[in-house]
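As a plain string of letters, each chain reads:
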Amino acid sequence: MLPASLFKSVEIAPHGTASESICTALRKAILEDQLPAGRALPQSELAAGFGVSIIPVREALKHLEAEGLVAFTPNKGALVIGLDEADILEYSQIRAVLEEQAAAEGVRNMSRVDFARVEDAYEAFVTGVEGPQGMIRSGVLNRAFHNAIYAAAPRPRLLEMIEDLNTRLDRYIRGHLIIEGRTTITHDEHKAILDACRDRDADLCARLTRIHILEAARISVDVFRRRQAGHNPG
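Here the structure is a predicted model, which means the values were calculated and not measured.

Rules used throughout
- Residues numbered from 1 in each chain as written.
- Predicted model: local features only at pLDDT ≥ 70, side-chain atom pairs only at ≥ 80, totals over all residues.
- Heavy atoms only, no water.
- Helix = DSSP H or I, 4+ residues; strand = E, 2+ residues; numbered from the N terminus.
- Rg over C-alpha atoms; globule rule 2.2 N^0.38 Å.
- Buried < 20%, exposed > 50% of the residue type's maximum accessible area, 1.4 Å probe, protein only.
- Pairing = 2+ DSSP bridges.
- Expected span 1.5 Å × (residues − 1).
- Bend = angle between axes of the 7 residues up to and from the residue.
- Contact = heavy atoms within 4.5 Å.

Student: Summarise the overall build of the protein chain; cite the residues concerned and give the values.
Tutor: Tallying secondary structure elements over the protein chain gives nine helices and two strands in all. Listed N to C, the secondary structure of the protein chain is α-α-α-β-β-α-α-α-α-α-α in terms of helices and strands. For the protein chain, the C-alpha radius of gyration of 19 Å lies close to 17 Å, the compact-globule estimate for 234 residues. Each of the three principal axes of the protein chain carries a C-alpha extent, and together these read 55 × 45 × 30 Å. The burial tally for the protein chain puts 44% of its 234 residues in the buried class.

What follows is the structure, given as structure tokens:
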């Protein structure tokens, strides 16, 4: 049985957008670990829960398959899929290369208005990751901070590739924040990146971004490894 919370507070929009509403609800549940890797997603149960036909459910699942969150398997139907340690590291290395470029180009093209958005996103992360829901919010807030820098870069296809990688990685990479002291370190790393933006130092911002991503990935993989072995990562 799928969790009842999956179907709560989901408004199925009219005029042919039911699949989008279902896709958003399922994506959120997967990224917040309400639907863990290996969980079956029966189309009939989803359709009944959301109060729709099978068609928009299947459309939503196919979209999530393209995002790397769901797979269709013989005799089992749709399943939530996860990454292994090698996947996380490889995707993170690719992400670091792409975001290093996006950071440099973002700083080189950054206006005062763009920088103000980066400052706002930095403050939102600092205040938003506190409290019991901080871990869940951290992924979205972290991406918002970095994306505020990249948004100044005139590279829409580059940003699309970065967004795809972040969607695949988010539920794993935020694992580093459960380590004692990592939130403070992340704040400091973000502050250094913010200062590089303020100083218009594109090369420094790019380098700090690459280091920030790879270090978070390294620690998160260690957390992932410990969880797989049944140890407490803290």
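Student: Residues and numbers for the pairing of strand 2 (residues 77-80), please.
Tutor: In the sheet, strand 1 (residues 70-73) pairs with strand 2 via four bridges, with the strands oriented antiparallel. Bridge assignment links Thr73 to a residue of strand 2, and that residue is Gly77. Taking the residues between adjacent antiparallel strands as the criterion, strand 1 and strand 2 are bridged by three residues, where Asn75 takes a positive phi near 70 degrees.

Student: Give a detailed account of helix 7 (residues 156-173), specifying residues and quantitative values.
Tutor: Across its 18 residues, helix 7 extends 24 Å between first and last C-alpha, which sits within 8% of the 26 Å expected from 1.5 Å per residue. Of all the bends in helix 7, the greatest, near 40 degrees, is centred on Thr167. By the burial criterion, the buried members of helix 7 are Leu158, Ile162, Leu165, Asn166, Thr167, Arg168, Leu169, Asp170, Arg171, Tyr172 and Ile173.

Student: Can you break down the environment of Ala37 residue by residue, with the values?
Tutor: Mapping Ala37 onto the fold places it in the loop between helix 1 (18-31) and helix 2 (43-50). It is 16 Å that separates the C-alpha atoms of Ala37 and Arg174, two residues lying 137 residues apart in sequence. In this view, Ala37 contacts Val80, Ile81 and Gly82; residues no more than four positions away in its chain are not counted.

Student: Residues and numbers for unusual backbone geometry, please.
Tutor: A negative phi angle characterises most non-glycine residues, just as the trans form characterises most peptide bonds. Backbone geometry places Asn75, a non-glycine residue, at a positive phi of 70 degrees. Relative accessible area serves as the criterion here: at 86%, Asn75 is assigned to the exposed category. Its identity as a non-glycine residue notwithstanding, Arg200 has a phi of 60 degrees, on the positive side. With respect to the secondary-structure elements, Arg200 resides in the loop between helix 8 (182-198) and helix 9 (202-228).

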